[in-house]
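Residue strings, one per chain:
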Amino acid sequence: MKFIISSEKFAKTIQPLLGIVINNPALPIIENLLIEVRENTLSAKATDLETTIINSTSVEADSEASIAINAKLLSETLRTFPEQPLTFKTNEENQTIEIVSEQGNYSLSYTNGAEFPSTPQIGESKSISISSKILENGIKNTLFAAGNDDLRPVMSGVYMEINNEHILFVATDAHKLVKYENVLTENIEHSASLIIPKKPLQLLKNILSDFDTEIKIEHNNTNSIFSFQNMEIYCRLIEGNYPNYSAVIPKENSHKLSIDRKRLLNCLKRVSIFSNQSTNQIKFKINGNELIISGEDMDFSNKANEEIKCEYEGQEIEIGFNGKFLIEIINTLISEKIEMHFSSPSKAAIIFPDQKNESENILMLVMPVMLNQN
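Please read these numbers as outputs of a predicted model, since none were measured by experiment. (Residues numbered from 1 in each chain as written. Predicted model: local features only at pLDDT ≥ 70, side-chain atom pairs only at ≥ 80, totals over all residues. Heavy atoms only, no water.)

Undergrad: Let's hear about unusual backbone geometry: which residues, and what values?
TA: Within the chain, Glu 39 stands out as a residue other than glycine whose phi angle is a positive 50°. Turning to its location among the elements, Glu 39 is positioned in the loop between strand S2 (32–38) and strand S3 (41–47). Since its relative accessible area comes to 72%, Glu 39 is described here as exposed. Phi angles above zero are rare outside glycine, and Gln 229 is one such case at about 50°. Within the element layout of this structure, Gln 229 appears in the loop between strand S17 (223–228) and strand S18 (231–236). Overall, the relative accessible area of 56% leaves Gln 229 in the exposed class. (Helix = DSSP H or I, 4+ residues; strand = E, 2+ residues; numbered from the N terminus. Buried < 20%, exposed > 50% of the residue type's maximum accessible area, 1.4 Å probe, protein only.)

Written as structure tokens, this is what we have:
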């Protein structure tokens, strides 16, 4: 088998796949990429057995082939070439593929593609199409809040709900929670609710910034496929019922703070350096139009506090937070100002972007921590 493809085109085709290739896996074959050539189309596939991604592009080929090549060696080789056509020729006797370039010739060993895990069969399914930008925004705003607890697998993914009115994304790790909602103008033929693992969503997040297109989502009870352009991402869904996230969102919040987002973020980054590195505890003390943020590590006599002017409605309040979680939330928002709503020092604080968007709603929540009593 022989095919010709430009070095840059081949490198761009396999780049999105590298994020799920595992080093030293229990099944060695999945360290490879499956390269299949049929009818002048090259398809590259990678899998970690839970998520599978396939990307296709056109090539000049004289026959069909299916071979598995080490992902790291292939990607590192392609990155070293300046833009030029490369010729790939297989030698079936010693199972090597020769790369012919302007600089010289190179040989890589390959494995028969028949040994590579097969692509999941989704069977009977339903499908929905949505804008890539809406999907990208939903993932960007929620993915960081998903948990890592193996004992609560449903919280290790992002809950996605789609109907004729909106698309909803929710993620929580029990310490922080994000709810992102966007109005849909397309006609959705059926409703769906899925819990999607973090890894395929991270892949989508990395890839979608380069696209402005429609994403087709096929799904059944156990699997889903995200299809767009020449790419398909298969993933196994997380089974179970997602927690009742609405129950932890306080309904009555009489204390309302409005503040410059970047100024607050930079303050938190500085003060958190001086807080206890295991608890990351920082304290908010709000009175009038003054917010005092402080952090302390009594084990090492480290201490910091800063004052920031703000707009505040409510009685004086002192409340503690995990500074790391608060920084993650505020760093994700992109508005000039943010609003923080409090009900009491023992209940969650709700954070909104100050700039409202007619088509989307973002709510972020962070649980308080008990303040150290000096």
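Undergrad: Tell me about the sheet that holds strand S21 (residues 290–297), residues and numbers included.
TA: Across the sheet, which stays open at both edges, the four strands sit in the order S22-S21-S20-S24 with antiparallel pairing between neighbours. Since the sheet does not close on itself, it has two edges, and those belong to strand S22 (302–309) and strand S24 (317–322), each with one partner. Taking each pair of neighbouring strands and ignoring which way they run, the sheet shows an average axis angle of 20°. Packing against the sheet, helix H5 (residues 261–273) makes contact with strand S20 (281–287), S21 and S22, and its axis sits at approximately 170° to S22. Its contacts with the sheet place helix H6 (residues 323–332) against S20 and S24, and it is angled at close to 85° to S24. (Pairing = 2+ DSSP bridges. Axes fitted to C-alpha atoms, helices over the stretch in contact; angles between N-to-C directions. Contact = heavy atoms within 4.5 Å.)

Undergrad: Please set out the packing of aromatic side chains residue by residue, giving values where relevant.
TA: One pair of aromatic rings is described through two measures. These are the centre distance and the angle between the planes. Following the criterion strictly, the structure yields nine aromatic pairs and no others. Their ring planes at 10° and their centres at 4.9 Å tell us that Phe 3 and Phe 88 sit as a pair that is stacked. Placement of the pair is Phe 3 in strand S1 (residues 2–6) and Phe 88 in strand S7 (residues 85–91), with a sequence separation of 85 residues. The exposure classification of Phe 3 matches that of Phe 88, with both residues buried. Each ring, one from Phe 211 and one from Phe 228, has its centre 5.2 Å from the other, and the planes form 75°; the classification is edge-to-face. (Phe/Tyr/Trp six-rings, centres within 6.5 Å; stacked < 30°, edge-to-face > 60°.)

Undergrad: I'd like a rundown of the nonpolar core, residues and numbers included.
TA: Grouped together as the largest cluster of nonpolar side chains are 97 residues, with contacts concentrated most on Leu 264, Phe 284 and Met 340. The contact partners of Leu 264, leaving out residues within four places of it in the chain, are Ile 259, Phe 284, Leu 291, Ile 293, Ile 308, Ile 330, Ile 338 and Met 340. With 16 residues, the next largest nonpolar core counts Tyr 245, Ile 350, Phe 352 and Leu 363 among its residues. (Core = buried A, V, L, I, M, F, W, Y, C linked by side-chain atoms within 4.5 Å.)

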